[in-house]
Amino acid sequence: MKIILLFLILLGVVSGRKTPLLKGLPATSTVEENTAAGVSVCDFNVTVSPLSSEGVAILPTIVNSNPLTEAFDIESKGGLEYRVVTTGNPVLDYETMPKSFDLHIFVEDTTGRTDLSILTIRVTDKNEHPVFRGNMAIQTLMIYVLEGTRPQCIYQVDAADPENAKLKYSLLPTTVPFLITESGAIFSTKEFDYEKDPHCYFLNVTVTDLDGLNSTKTVNINIININDESPYFTTKQRIYRIPEEQSPGTIVANITAKDPDDEGSPSRLFYSIQSSDRYFSINPLTGVLQVTGRIDRDALPLQLHPNISLIVQVEDSPSNGHASNMEITIIVDDINDNPPECSPSAFRKEVNENTAPGTFLIDLRNYCKDIDVDPSNNQFNFTGLSGFGSNNFILDSTVSGRLVMTGTIDLEDPANPGIEVYTLTVRVQDIAHPNYSNIIYIYIRIKPVNEFFPVFSTLSYIFNVSEITKAGGGTRDYTNIFWISPTKGDVRILARLDYETTQKHIFIVQASDQEKFTTASVTVNVLEVNDEEPICSPNFYSFQIPVSLAVGTNINSFRIECQDRDSDPRSFRYFINEGNENNHFTFSPSAGSNTSRLILASRFDYESGFDTSWIYNLRIYITDDNLLSVRDKTTHLIETGTVTLSIRVIPNPTTAITTTPSFTVVTRRENLYSASAWYVPFVVTLGSLLLLGLLGFLGFLLVTWVRTCCPPAGKAHRTPLINAPEKKKPKKDVVVTMTKLNTIFDGEARDPVTGRIYEFNTRSGARRWKKSNEPLKPVLAGQVTSSATDNSGQGTDRAEAASKKEPSEKRKELTAATKPATKPSADQDGLRLQKQKEESEGRGLSSAAPQGRN
């Protein structure tokens, strides 16, 4: 709105319309600082145009001030009279605000006439009261002083005069132990004691300027109590008496104390027992002393020292406080709380029969006592002798406790009840109340006099015992077959009985009473039982057979022979329990003989897939029940022997013949061997390595000798025996078949593919081609290679891998492309063919050597 008015005023000035409407302005006026709101500063009138029927359109308004302020406003006095008044917001301050303000007053009547005039207001200074600053200016000041603090400055009063006049400070009342300096510093004048001095002081601090104007504030000074006094005990009693065996929690004393620092308020003290003690504890807050452990006056150390001294301490702080100590003594009184005890509580006494009456047996008082300390509580006597047969005994007196015989006991007397041990009871009892007591047991054994020899119920004993009766087991120090209980007479078997070894055992037993003895004969007849299992030889065997073996053949002429110590040779039955896949194997005869042969029952069929396993692990059971009927087999013991056979089926060898020109076909034969002959490849490999090393060394010597004896001719006369090719050597395709050989070849067969005769070992199944005088066909020059002499690890892997594959997979063709060589002459061709033949024969023998590893 003021912006709009200012715009209109400027617009009027520009247009040249200057019509004075404000009467009494411009003007200059003064106002005193700190003037309250609503005080008139200047009065003025508004003169309107006669044409203005409605008077003023815009009331006189302060549209601007220099500097800006809201400390002034315009009020209407009625009609067209107005006045400028103070607003009190903000309050005028000569010291902090501008000293002069120019107010721009604007008015407009209804005809559009406007007037703008300036009222200058000057602020005049006024002497003001001094003012407090800081905390004292906004609140009552609280000052805290610790008791015991030495006199010192406790507060600095901060006051100021608006006119920057010098101020004077004063303090009331003057009787307080405080003073204030000219600079306004409040000092304490004494060292305060909280327990003696007032706890709080109220001071009036007055600040006055040179004209006598002043301001006053109240200062509240509180004296803070500190822990500077030690607590003291108010309990006067120092000696207490309690009986022993008080239950835990029993209150012995109520220890009280006070702290001078807590005068006028409940003391907060902490109680504790400083001396080591296991009988009492004190409540740390209330000071109640009570029993916490068992107090036994009759046990050490109270038995000798019944007085317990405690050091009780009271503190006014759990830590680092003031403390006081007090010693109290607690006297423990004895009570009759223990019965008389006897050690041992049971007595055993042996008395020979026919002992004379009046014979002294035992003095019980020597074994009994009452541990109560007070003599009036540890006196006791013996009463109440009782028990079956107690009429034969008597206590000499109730005080002494001496037990004596009153009659004669004869065990052989028919009138005697036959009791060998008399059980007597005696009560040992306190004389003092409450008359605690215990029972003593006395066992009197009447020892018979040895007058008779021991007597067996019979002079000889005969027992029939099966040979399979379970034995108890002997020890290293006791190796007999039989053992007799020294107290019961039970005869036990410690070692296994064997009818086939001993059919009857006779021995003598002796009964003794340490002085006299007698003997009896014991005969033990051993009853035969079928407890021996057939034992066959061999019980394990491993061999190899060719896949083409004829049905009905006694495999490798193998047979087993069995023996049984307790069975007839005709009682054996043979059957294959495990591993006989497709039932290729059987034994003949299958029963009724102690020998039987292994027969091939059906042919192998691997080509159709009917057979897949090349290794058969047979488990043969031999039972001794052939002569038993079906009903007897359910009641008689049957023993079983076992034989394990490992049979490896060897596939037929095949030879791949290649007629491709410029190719050399090399056959490497592979014989399978028993896994148990692990040492064969190791020895062969080691021997081959040594032989190769020797041949290499001899070749080196031979080359050296040739060069020495036959030096090379001139280059012009040098003629090669074989024309070397101008290009690289042609590579030859090589077919390699590895044959692992065993030692002895005792069988022959014909290869169905090639028709050639091969030899095989009937035990291991190893094969090789039978030697022939047929000349080798001429072939092109080539080199026979073999990987059998590779490192042992690789050879082993290939041998094992080959043995798991079918025969058709055991041959691998290794081919390499060859390049044509320069055609040699006829003489040279003949020489090369002859040399290749000799090398082929030599290397054929070399390739037949054992290679690889088992």
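As the structure is a prediction and not an experimental result, all values here were calculated from the model.

Explain unusual backbone geometry to me, using residue names and the numbers behind them.
Note: most peptide bonds trans; most residues except glycine with negative phi. Omega for the bond connecting Leu172 with Pro173 falls within 30 degrees of zero, at -5 degrees, which places this linkage in the cis form. As for its position among the elements, Pro173 is in the loop between strand S13 (168–172) and strand S14 (178–180). The residue Glu245 is not glycine, and still its phi comes out positive at about 60 degrees. Mapping Glu245 onto the fold places it in the loop between strand S19 (239–243) and strand S20 (251–254). Relative accessible area serves as the criterion here: at 28%, Glu245 is assigned to the partly exposed category. Residue Ser557 is not a glycine yet carries a positive backbone phi of 55 degrees. By the secondary structure assignment, Ser557 is in strand S43 (residues 554–563).

Summarise the state of the cysteines; cite the residues concerned and give the values.
Enumeration over the complete set of coordinates arrives at two disulfides. Sequence-ordered numbering of the bonded cysteines in the chain yields a pairing of 1-2, 3-4.

Would you mind going over the confidence of the model for the chain in detail, with residue names and values included?
Looking at the chain as a whole, the pLDDT averages 79, with 80% of positions reaching at least 70. No element of the chain has a lower mean pLDDT than strand S53 (residues 812–814), which averages 33, and none a higher one than strand S24 (residues 288–291), which averages 95. When the criterion is pLDDT under 50, residues 8–17 qualifies, and its contacts beyond four places in sequence or with other chains add up to 11 contacts.

For the pattern of salt bridges, give the residues involved together with the corresponding values.
Inspection of the entire model under this criterion finds 19 salt bridges. Two residues, Arg241 and Asp333, come together in a salt bridge whose shortest N-O distance is 2.7 Å. Linking Arg241 in strand S19 with Asp333 in strand S26 (residues 323–333), this pair joins segments that are 92 residues apart in sequence. For Arg241, a relative accessible area of 55% translates into the label exposed. Linking Arg573 and Asp625 is a salt bridge whose minimum nitrogen-to-oxygen distance equals 2.9 Å. In this pair, Arg573 is assigned in strand S44 (residues 573–578) and Asp625 in the loop between strand S47 (615–623) and helix H2 (630–633), connecting sequence segments 52 residues apart.

I'd like to hear about the sheet that holds strand S40 (residues 517–527), residue by residue, with values.
Across the sheet, which stays open at both edges, the three strands sit in the order S36-S40-S39 with mixed pairing between neighbours. Looking at which strands have only one partner, the edges of the open sheet turn out to be strand S36 (460–466) and strand S39 (504–512). Averaged over all pairs of adjacent strands, the angle between their axes in this sheet comes to 25 degrees, without regard to strand direction. Pairing analysis gives nine bridges linking S39 to S40, with the strands arranged antiparallel. Its bridge partner being in S40, Phe507 is matched across the sheet by Val522.

Provide a residue-level description of the pairing of strand S34 (residues 421–430), including the pertinent values.
Sheet analysis places strand S31 (residues 380–386) next to S34, joined by five bridges and oriented antiparallel. Looking at S34, one finds that Phe380 is bridged to Asp430. With nine bridges joining them, S34 and strand S35 (residues 437–447) adopt antiparallel strand pairing. Along S35, the bridge assignment pairs Val426 with Ile440. Connecting S34 to the next strand, S35, in antiparallel fashion are six residues, including Asn435 with a positive phi near 60 degrees.

Talk me through the packing of aromatic side chains; I want residue IDs and the actual numbers.
Throughout the structure, instances matching the rule amount to 23 aromatic pairs. Ring centres of Phe543 and Phe558 lie 5.8 Å apart, and the angle between their planes is 40 degrees; on these two criteria the pair is classed as tilted. A residue pair is termed long-range when its members are at least 10 positions apart, and Phe543 in strand S42 (residues 540–546) and Phe558 in strand S43 qualify at 15 residues. The pair formed by Phe543 and Phe558 is uniform in burial state, with each residue classed as buried. Their ring planes at 75 degrees and their centres at 5.8 Å tell us that Phe575 and Tyr621 sit as a pair that is edge-to-face. Placement of the pair is Phe575 in strand S44 and Tyr621 in strand S47, with a sequence separation of 46 residues. With a relative accessible area of 29%, Phe575 lands in the partly exposed category. Every member of this aromatic cluster is reached through a ring pair, and the members are Phe585, Phe604, Tyr606, Trp614 and Tyr616. If you follow Lys99 out to its NZ or CZ, it ends over the ring of Tyr94, 4.7 Å from the centre. The ring of Trp769 carries Arg756 above its face, with NZ or CZ at 4.6 Å from the centroid.

Let's hear about the side chain of Thr355: which residues, and what values?
For Thr355, the position within the fold is in the loop between strand S28 (346–352) and strand S29 (360–363). The buried category is assigned to Thr355, whose relative accessible area is 17%. A polar atom in the side chain of Thr355 sits 2.4 Å from the backbone oxygen of Asn352. When sequence neighbours within four positions are dropped, the list of residues in contact with Thr355 reads Met405, Gly407 and Thr408.

Which residues make up the nonpolar core, and what are the values?
If you look at the biggest cluster of nonpolar residues, it comprises 28 residues, and the most contacted ones within it are Ile545, Phe585, Phe587, Leu598, Phe604, Ile622 and Leu645. Taken together, the elements giving at least two residues each to this core come down to S42, S43, S44, strand S45 (585–588), strand S46 (595–600), S47 and strand S48 (640–650). Not counting the four nearest positions on each side in its chain, Phe604 is found in contact with Ile545, Val547, His584, Phe585, Asp611, Tyr616 and Val649.

Explain helix H3 (residues 679–709) to me, using residue names and the numbers behind them.
For H3, with 31 residues, the first-to-last C-alpha span of 45 Å sits near the 45 Å given by 1.5 Å per residue. Among the residues making up H3, those that are buried are Val680, Pro681 and Val684.

How each quantity is defined
Residues numbered from 1 in each chain as written. Predicted model: local features only at pLDDT ≥ 70, side-chain atom pairs only at ≥ 80, totals over all residues. Heavy atoms only, no water. Helix = DSSP H or I, 4+ residues; strand = E, 2+ residues; numbered from the N terminus. Buried < 20%, exposed > 50% of the residue type's maximum accessible area, 1.4 Å probe, protein only. Disulfide = S-S within 2.5 Å. pLDDT = per-residue confidence, 0-100. Contact = heavy atoms within 4.5 Å. Salt bridge = Lys/Arg side-chain N within 4 Å of Asp/Glu carboxyl O. Pairing = 2+ DSSP bridges. Axes fitted to C-alpha atoms, helices over the stretch in contact; angles between N-to-C directions. Phe/Tyr/Trp six-rings, centres within 6.5 Å; stacked < 30°, edge-to-face > 60°. Lys NZ or Arg CZ within 6 Å of the ring centre and 35° of its normal. Polar contact = N/O pair within 3.5 Å; in protein donor to acceptor, adjacent residues only side chain to side chain. Core = buried A, V, L, I, M, F, W, Y, C linked by side-chain atoms within 4.5 Å. Expected span 1.5 Å × (residues − 1).

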